[in-house]
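The primary structure of each chain is shown beneath.
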Amino acid sequence: MDIFGGWDNYVERLERNWQNVVKPEDTVVIPGDISWAMDMEGALEDFRFISKLNGQKIISKGNHDYWWTTKTKADRFLKENGIDNISFLHNNHYRYEDFGICGTRGWINDGSEPADAKVIAREVIRLELSVQSAVSEGLIPIVFMHYPPVYAEVENPDIIDVLKKYGVRLCFYGHLHGRAHGLAVNGDKYGINFRLISSDYLQFMPLNITEIVHNCKK
């Protein structure tokens, strides 16, 4: 059985759905995995594709984004290529009304590799820097991650501790595809509403999270 079943013509489907529901004035957050390229130059056509879609786009890092570089270099590369509607989420936040769009890539926590602990420690720092930057401006932090902080019976307690510490009530994540959807956590855990937003889970239809976000203020 193909775990990526349902991906036929996904680029065309995504583009059609996106343009039908996203307005030019909207903001869209993409939590990683936008290109298989190994460097920014190799990812240029993917950036151009994303740029021509409606809205302002905010991109964070995924596990397949090998092109990822420093925010300064990435910003400069897009500017040099005439792309002005894509921003990068990396140790920072972006204001949206009373909310701060925060996040980082995250990492797995299955205990199989000792090196994972070091990667997780770095991701915890990046997440905290991002959330702190929003909270310091009096914004309500909304977190977007690539890896799920919780998955089936596996949890990443260090990431979850940061979410709890700053009172994060909404955490969106991707990474899970195909049959893995069945083990995703969708709903409240530890007072945090976790939501899977992988493209195939959403059937390549951008999700309007405005109402979900606004409910955080109630």
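Below or above, wherever it landed, is the structure these notes cover. These numbers come from a predicted model, not from an experiment.

**Observations concerning the overall build of the chain**
Inference 1: Within the chain one finds six helices and eleven strands.
Inference 2: In summary, the chain has a C-alpha radius of gyration of 17 Å against a globular reference of 17 Å for 218 residues, a match within 12%.
Inference 3: Residue burial in the chain is summarised as follows: out of 218 residues, 47% are buried.
Inference 4: Considering only contacts within the chain whose residues lie at least 6 apart along the sequence, 71% involve residues at least 24 apart.
Inference 5: When the accessible surface of the chain is split by element, carbon and sulfur atoms take 51% of a total near 11,400 Å².
Inference 6: In the chain, the 24 positive side-chain charges and the 30 negative ones have mean positions that sit 4 Å from each other.

**Looking at the nonpolar core**
Inference 1: Formed by 25 residues in total, the largest nonpolar core has its most connected members in L127, V131, V143, L163, C171, Y173 and F194.
Inference 2: At the level of secondary structure, the elements contributing two or more residues to this core comprise α4 (115–135), β6 (140–145), α5 (157–165), β9 (170–173) and β11 (192–196).
Inference 3: Top element by residues in this core is α4. It accounts for five residues.
Inference 4: Counting 23 residues, the second largest nonpolar core, distinct from the first, contains W18, I34, F88 and F204.

**Some thoughts on the pairing of strand β5 (residues 99–104)**
Inference 1: Across the six residues of β5, six count as buried, placing the element largely inside the fold.
Inference 2: Where burial is concerned, the two faces of β5 agree: the one with F99, I101 and G103 and the one with G100, C102 and T104 are both buried.
Inference 3: Sheet topology places strand β4 (residues 94–96) next to β5; three bridges connect them, and they run antiparallel. Residue pairing across strands places R95 opposite G100, the latter belonging to β5.
Inference 4: The loop that links β4 with its antiparallel partner β5 comprises two residues; one of these, E97, has a positive phi angle of about 55°.
Inference 5: Across six bridges, β5 lies against β6 in parallel orientation.

**Quick notes on the packing of aromatic side chains**
Inference 1: Under the definition given, this model contains ten aromatic pairs.
Inference 2: Look at W67 and F88: their rings are 6.1 Å apart centre to centre, the planes differ by 55°, and that puts the pair in the tilted class. Of this pair, W67 sits in the loop between β2 (56–59) and α3 (71–80) while F88 sits in strand β3 (residues 86–88), and the two are 21 residues apart along the sequence.
Inference 3: The class for F88 is buried, based on a relative accessible area of 1%.
Inference 4: Across the ring face of Y190, the terminal group of K164 is positioned such that the distance to the ring centre comes to 4.4 Å.

**Considering the side chain of S60**
Inference 1: By secondary structure assignment, the location of S60 is in the loop between β2 and α3.
Inference 2: Take S60: its relative accessible area is 1%, and that puts it in the buried class.
Inference 3: Not counting residues up to four positions away in its chain, the partners in contact with S60 are I30, P31, G32, D65, W68 and L89.

**Quick notes on the side chain of N54**
Inference 1: For N54, the position within the fold is in the loop between α2 (44–52) and β2.
Inference 2: Within the structure, N54 has its side chain in polar contact with the backbone oxygen of V22 (distance 2.8 Å).
Inference 3: If near-sequence neighbours (up to four positions away) are discounted, N54 is found in contact with W18, Q19, V22, K23 and P24.

**Points about the pairing of β2**
Inference 1: Across four bridges, strand β1 (residues 27–30) lies against β2 in parallel orientation. Counted as the bridge partner of V28 is K57 from β2.
Inference 2: Remark: the β1/α2/β2 crossover connection has right-handed handedness.
Inference 3: Note that β2 and β3 share three bridges and pair parallel. Among the inter-strand pairings, I59 is bridged to a residue of β3, identified as F88.

Calculation rules
- Residues numbered from 1 in each chain as written.
- Predicted model: local features only at pLDDT ≥ 70, side-chain atom pairs only at ≥ 80, totals over all residues.
- Heavy atoms only, no water.
- Helix = DSSP H or I, 4+ residues; strand = E, 2+ residues; numbered from the N terminus.
- Rg over C-alpha atoms; globule rule 2.2 N^0.38 Å.
- Buried < 20%, exposed > 50% of the residue type's maximum accessible area, 1.4 Å probe, protein only.
- Contact = heavy atoms within 4.5 Å.
- Areas by Shrake-Rupley, 256 points an atom, 1.4 Å probe, with all protein chains shown as cover.
- Lys, Arg positive; Asp, Glu negative; His and termini not counted.
- Charge placed at Lys NZ, Arg CZ, Asp CG, Glu CD.
- Core = buried A, V, L, I, M, F, W, Y, C linked by side-chain atoms within 4.5 Å.
- Pairing = 2+ DSSP bridges.
- Phe/Tyr/Trp six-rings, centres within 6.5 Å; stacked < 30°, edge-to-face > 60°.
- Lys NZ or Arg CZ within 6 Å of the ring centre and 35° of its normal.
- Polar contact = N/O pair within 3.5 Å; in protein donor to acceptor, adjacent residues only side chain to side chain.
- Right-handed = clockwise from strand over helix to strand, strands pointing away.

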